[in-house]
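Understanding the architecture of this molecule
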Amino acid sequence: MLLLLLAPSPARANAHAVEDIPLEDLLQPVVAASRYEQRQQDAPAAVSVVSEEAIRSHGYRSLGEVLRSLRGVYTVDDRSYTYLGLRGFGIPGDYNTRVLLLLDGLRLNNNIYDTAYMGQDLPIDVNLIKRVELVRGPSSSVYGSNAFLGVINIVTLRGADLRGARATFGIGSLGTTEGSVAYGNLFGDRLDVLLTASFINSHGNEVLNYKEFAAPETRYGYVRGQDAEQVGRVMGQVSLAGATLRAAYATRQKEIPTASFGTVFAAPQLHYVDSHGFIDLRYSRTFADDLALLAHASYNVYWFEGDYPYDYGEPGDPPLLTLNRDTALGSWWNAHLQLSKTFLGRYKLLAGAELNDSFHQEQENFDIAPREVYLDRTDSTRALGAYLQAELRFLRRLTLNVGLRYDHYVGSFGGSLSPRGALLVQLFSETHLKALAGTAFRAPSAYERFYVFGEPGSGTAQLFNPNLAPERIQTYELLLEQQLGRSSRVQLGGYYYQIRDLIRLAQNASGDVSFQNLDQSHALGLELEGEVRWRGINARASYSLQRSWSSDTKRDLANSPRHLGKLNLLVPLSTDKLLLGLEAQAISARANHRGHQVSPTLLANATLVYQELLPGLTVRTSVKNLFDARYSDPGSIDHVQEAISQDGRTFWLTLSYHRGHSGSTR
Amino acid sequence: MIRPRVIGCLLALLCSALGSPSPAQRGGRLPAQRQALLLLKVLSYDRKLSQRAGGSLRIAIVHKQRSRPSRQQARALLDALASLESLTVQKMSISAALVQYTDVSSLEGQLEATRSNTIYVAPGLDEELRQILSLAAARKLNVITGVRAYVAQGVTVGAVLEGNRPKILLNLKAAFRHGNDFSSQLFKVAELVDEG
């Protein structure tokens, strides 16, 4: 193969037509893989992009719904939060710490739990998303911690995309109403403004039943009116001459019906409140000699409050109900400076430095009355990182992409080096091969290191572990992409992951739990994806065969399905104003944390979009879980339930009115 | 004590950068590689391109030697086009040459010598643009650029950066003057620019 690549070729022997490059690839390049824009085929990773059109046409209401349409991705909803599974790794209850969530490049994972928000806890309204990029595999070589299993970058609309005002109102099953208003415009080609506010109010399921609580004293497992959710979000953004100032704040309250963490079943007090806000100043500039500068500074705040009703009474005694409260307050600065330059049109160098100063990580746990404080501590973490990446094109058909990042955690974990390499080969004019290898790390969160609950030795306590070390991953991947004519393509890929020092909750001899660096885990998988565009129809189908296991226990990891199948169809109907979005998702059986199997799932969703029904008015109606399948997601170590039952068929209707000129899908 | 110092340096850098927006920044310049690819892609939507070009797309990168930004951009675009030499547009090969602008008759001679059928207008040619466009219209040449303001002044196609995203600019009056016949598919994604 090397000889084939090195051999001089006739001038046009390996020519390919610019007509074969989708315009969308040029206008919507991938940013997340290298921290600069590049075509998907040039990215040093397996990348998927979900466009704004697909998000609207499939009626996605959360980031989790967007992502689980992609190959190798699945989600778990435990009626508290949505958890992401990626290529067979999806430890229930892990707060998605092993993926890095970015908003236009801004790190969103909070500094207490390291949560990547996948549900309505996301600080941004899904109606503001222009596209979502998923980069599979490690990217610590440019991002540092959390870019472990993947990176998700949300690219949002700008004022120029709206060019006017938009009001959206929706109603749906489970007593849900939601709405948003947005105004955006571009003034004088330079000043871009976007202002938006949104809300969601959902009563949730009126009645839920959990067979694990089917005893008379726990109301035969029935819990009523305890699945409600309220969300409020605001955001403002101003861009001028390459500088963008953005501020956002969002809060979400969720009632929890599952009696998680050993709380009293069906007690109405169990609820969580998550709030996240940030101010972000970014400046980007491209100089005449292709030198690009990106500077970035942000201030972020995260606040959590959770109330947990416990019965402290001894067995046989009358109940002694006590409300226990968790609070967390995190504040952090992030500053980032990056330079990139292209030489001779084919060599690109990238260098950057980043400071993440989590100067306030406060965690409290206490009983409200009588007041008993179990945890009251404030910590701080400071991480400095510097990285280099080179993208070098050789011999027209070969690109070598190598990157290296060094992160230093002041006063805690010390240094961590994360290399990544990719060899991208154009085998034939329409055949591309990527050979990828990389490493990544995830530093333990403040919660994993310092959270304490209960009396040590009681057998129900959670203990802190300040000696927790970062977990590490090493990956190898091959990806072959074949373009079939101008409108079809097939991708076939295989990967092997090896994780060391995986951080998990484990019990000690007295039954108390703490986070520990436990076992070595592996993942092995094959992925196949095909995409066809024909007469306006866009079809994408994928199949993933995957296995993730612990080398210590020799058992599959929890929440790791062997098979995933996805089908997405966008079909324009009689007029170009009417669009039908269909999708099907199949997940094979997966074990929960006790090793018990949770049944396979086949879900179908349908969405009909009528654009410009009246001037400026778009109507969207969706049926989720079209065939009313009964299915469950695996419970976590926090649950008594083996599995958490999910919603049956639900209906959603959204009206969106736009006044003004828009270059964006409504 | 690292935090205030590092953040201070960053903010100082931001302030200095914000305080002196360059002409390139005001125009929203796309990196040369992306600009080249996007402009070629747009030209591929011209239904008369191959008929007018006659077998090969030859791009003259017109720039002003005395202007450093103009010179640098021209060089960067030449490198970018050279790296895309394996591409074809409507089955035509692509070639590019640097052309210094001194006066219109010299430009005409250089266009003849290089047999160029497309002009890329580099930045720094604000004063000379009208003469370049007159010549291009007379010879029915494609005219492309990476400068937003030039599209409003009569260049047919622009590829620029708006915010952090690439944008296609299309001047339909100029397209008519220069003999382009773009597919309406392009209108869905391009920003149509009126001549100022």
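Presented here is a report on the structure given in the accompanying data block. (Residues numbered from 1 in each chain as written. Chains lettered and ligands numbered in written order. Predicted model: local features only at pLDDT ≥ 70, side-chain atom pairs only at ≥ 80, totals over all residues. Heavy atoms only, no water.)

Here we take up the overall build of chain A. The helix and strand tally for chain A stands at 7 helices and 39 strands. Whereas a compact globule of 666 residues would reach a radius of gyration of roughly 26 Å, chain A reaches 25 Å, a difference of no more than 12%. Taking the principal axes of its C-alpha atoms as reference, chain A extends roughly 90 × 60 × 45 Å. Within chain A, the proportion of its 666 residues that are buried is 61%. If you average the places of the 64 positive and of the 69 negative side-chain charges in chain A, the two averages end up 8 Å apart. (Helix = DSSP H or I, 4+ residues; strand = E, 2+ residues; numbered from the N terminus. Rg over C-alpha atoms; globule rule 2.2 N^0.38 Å. Buried < 20%, exposed > 50% of the residue type's maximum accessible area, 1.4 Å probe, protein only. Lys, Arg positive; Asp, Glu negative; His and termini not counted. Charge placed at Lys NZ, Arg CZ, Asp CG, Glu CD.)

Time to look at the sheet that holds strand β7 (residues 129-136) of chain A. Residue and element names in this part refer to chain A. The strand order across the open sheet formed by 5 strands is β2-β7-β8-β5-β6, and the pairing between neighbours is mixed. The open sheet is flanked by β2 (46-51) and β6 (106-107), the only strands paired with a single partner. By the bridge criterion, 7 bridges tie β7 to strand β8 (residues 150-156) in an arrangement that is antiparallel. Directly across from Ile129, in β8, lies its bridge partner Thr156. (Pairing = 2+ DSSP bridges.)

A word on empty space enclosed by the protein. Residues and elements named next belong to chain A. Per the stated rule, a full pass over the model turns up 15 cavities of 30 Å³ or more. Considering only enclosed or pocket space, the second largest cavity measures out at about 840 Å³ in volume. Lining of the second largest cavity is provided by 41 residues; of these, Arg61, Glu65, Asp77, Gln646 and Asp647 occupy positions nearest its centre. Elements that contribute at least two residues to the lining of the second largest cavity include exactly α4 (63-67), β3 (73-77), β11 (191-202), β15 (243-255), β32 (578-587), β35 (601-614) and β39 (650-660). Sorting elements by how many residues they give to the lining of the second largest cavity places β3 first, with 4 residues. Of the residues in the lining of the second largest cavity, the class split is 9 nonpolar, 18 polar and 14 charged. (1 Å grid on protein atoms, 1.4 Å probe; cavity = no way out; pocket = protein on both sides within 12 Å on 5 of 7 lines; lining within 4 Å. Points joined across faces, edges and corners; volume = space filled by probe spheres on them. Nonpolar A, V, L, I, M, F, W, Y, C, P; charged D, E, K, R; others polar.)

As a further point, take the pairing of strand β16 (residues 271-286) of chain A. Residues and elements named next belong to chain A. Taken across its 16 residues, β16 has 14 buried, putting it largely inside the fold. When β15 meets β16, the two strands line up antiparallel, connected through 13 bridges. In the sheet register, Glu255 faces β16, and the bridge partner there is His271. Judged from the 16 bridges that link them, β16 and strand β17 (residues 291-311) form a sheet pairing that is antiparallel. Residue Leu281 lies in a different strand from β17, and its bridge partner there is Ala297. What sits between the antiparallel neighbours β16 and β17 is a turn of 4 residues, in which Asp290 has the positive phi angle 65°.

It is worth spelling out the side chain of A:Gln361 at this point. Residues and elements named next belong to chain A. Relative to the elements of secondary structure, Gln361 occurs in strand β19 (residues 347-367). On the accessibility criterion, Gln361 (5% relative accessible area) is buried. At a separation of 2.9 Å, a polar atom in the side chain of Gln361 contacts the main-chain carbonyl oxygen of Asn111. A polar atom in the side chain of Gln361 sits 2.9 Å from the side chain of Thr381. Setting aside residues no more than four positions away along its own chain, Gln361 makes contact with Asn111, Ile112, Leu329, Arg377, Thr378, Asp379, Ser380, Thr381 and Ala446. (Polar contact = N/O pair within 3.5 Å; in protein donor to acceptor, adjacent residues only side chain to side chain. Contact = heavy atoms within 4.5 Å.)

To continue, consider unusual backbone geometry. Across residues other than glycine, the phi torsion is negative in most instances, and most of the peptide bonds are trans. Residues and elements named next belong to chain A. The omega torsion across Ala369 and Pro370 is -5°, close enough to zero to call that bond cis. As for its placement among the helices and strands, Pro370 is situated in the loop between β19 and β20 (372-394). Within the chain, Arg87 stands out as a residue other than glycine whose phi angle is a positive 50°. Along the polypeptide, Arg87 turns up in the loop between β4 (82-86) and β5 (99-103). Non-glycine residue Lys554 carries a positive phi angle of around 65°. Structurally, Lys554 is set in the loop between β30 (537-550) and β31 (563-572).

To continue, consider the nonpolar core. Counting 70 residues, the largest nonpolar core has A:Leu63, A:Leu67, A:Leu101 and A:Ile152 as its most contacted members. Of all the elements, β17(A) adds the most residues to this core, at 4 residues. Non-local contacts of A:Leu67, meaning those with residues more than four positions away in its chain, are made with A:Val73, A:Leu84, A:Met118, A:Val132, A:Leu134 and A:Ile152. Counting residues in hydrophobic clusters, the runner-up holds 43 residues, among them B:Leu43, B:Leu49, B:Ile59 and B:Val89. (Core = buried A, V, L, I, M, F, W, Y, C linked by side-chain atoms within 4.5 Å.)

What follows deals with the sheet that holds strand β3 (residues 93-100) of chain B. Residue and element names in this part refer to chain B. With respect to topology, 7 strands assemble into an open sheet ordered β3-β1-β4-β5-β6-β7-β8, the strand pairing being mixed. What marks the edges here is a single partner per strand, and that holds for β3 and β8 (191-192). One ladder, built from 8 bridges, connects strand β1 (residues 56-63) with β3; its direction is parallel. By the bridge assignment, Ile59 is partnered in β3 with Ala96. The sheet strands contacting helix α6 (residues 104-114) are β1, β3 and β4 (118-121), and the helix crosses β3 at an angle near 155°. (Axes fitted to C-alpha atoms, helices over the stretch in contact; angles between N-to-C directions.)

The subject of this paragraph is the packing of α6(B) against helix α7 (residues 129-138) of chain B. Residues and elements named next belong to chain B. Taken N-terminus to C-terminus, the directions of α6 and α7 make an angle of 40°; their axes are 10 Å apart at the nearest point. Taken together, the axes of α6 and α7 lie oblique to each other. The two elements α6 and α7 cross, and the hand of that crossing is right-handed. Only Gln131, Ile132 and Leu135 of α7 make contact with α6, whose side of the interface consists of Val104, Leu107, Glu108 and Leu111. (Parallel < 35°, antiparallel > 145°, perpendicular 65-115°, else oblique. Left-handed = near helix turned anticlockwise from the far one by under 90°.)

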